[in-house]
Amino acid sequence: MFNIDISEVTSVFAGLTHLTGSEASNYAPVIKSAKAYFERLFLRDIADSAEKELAEYACACKAFLEYTVLMAATPKTYSTQSGGIFAKVAENKSVVSAECLYRNACAALPRGLIRDDGFIFEGTEG
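Residues numbered from 1 in each chain as written. Predicted model: local features only at pLDDT ≥ 70, side-chain atom pairs only at ≥ 80, totals over all residues. Heavy atoms only, no water.

(A) Up close: helix α5 (residues 93-107). For α5, with 15 residues, the first-to-last C-alpha span of 21 Å sits near the 21 Å given by 1.5 Å per residue. Buried positions along α5 lie against α3 (28-40) and α4 (49-73). (Helix = DSSP H or I, 4+ residues; strand = E, 2+ residues; numbered from the N terminus. Expected span 1.5 Å × (residues − 1). Contact = heavy atoms within 4.5 Å.)

(B) Structural detail: the side chain of E51. Among the secondary structure elements, E51 is positioned in helix α4. Leave out the neighbours within four places in its chain, and E51 touches R44, D45, I46, P110 and L113.

(C) Representation of the pattern of salt bridges. Within this structure, the stated rule accounts for four salt bridges. The partner of K35 in a salt bridge is E39, and the shortest N-O contact between them spans 2.9 Å. In this pair, K35 and E39 both sit in helix α3, four residues apart, roughly one turn of the helix. The class of E39 is partly exposed, set by a relative accessible area of 33%. A salt bridge links E66 to K62, with the shortest nitrogen-to-oxygen separation between them at 3.1 Å. With E66 and K62 both in helix α4, this residue pair falls four residues apart, about one helical turn. By relative accessible area, which is 11% here, K62 ends up buried. (Salt bridge = Lys/Arg side-chain N within 4 Å of Asp/Glu carboxyl O. Buried < 20%, exposed > 50% of the residue type's maximum accessible area, 1.4 Å probe, protein only.)

As structure tokens, then:
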């Protein structure tokens, strides 16, 4: 039986976010929350190392999605050369892209490993 390794998820998360290992560790609660959420989706145990690697990647994508939503909701403050200050909210395109990445990572998992977590056509298999 294989389990998701939080250090591997953190490493993949750091790669997706382009953060250093120490910067990524600042988001440990986000990563742990994504891991707990993702583990609730399992219908069976992870069978081998290949499934484990895919599951860790999908879990990191879930954490990346949460991180992206957090960054999009955080206004960015900028100053101009003349001393003015303004705030800019991040583009929502990054959130849509992160969600697409997460959905694709889940779709790459072997059939029957996780339950559906929100696809529109859940349960329509013939």
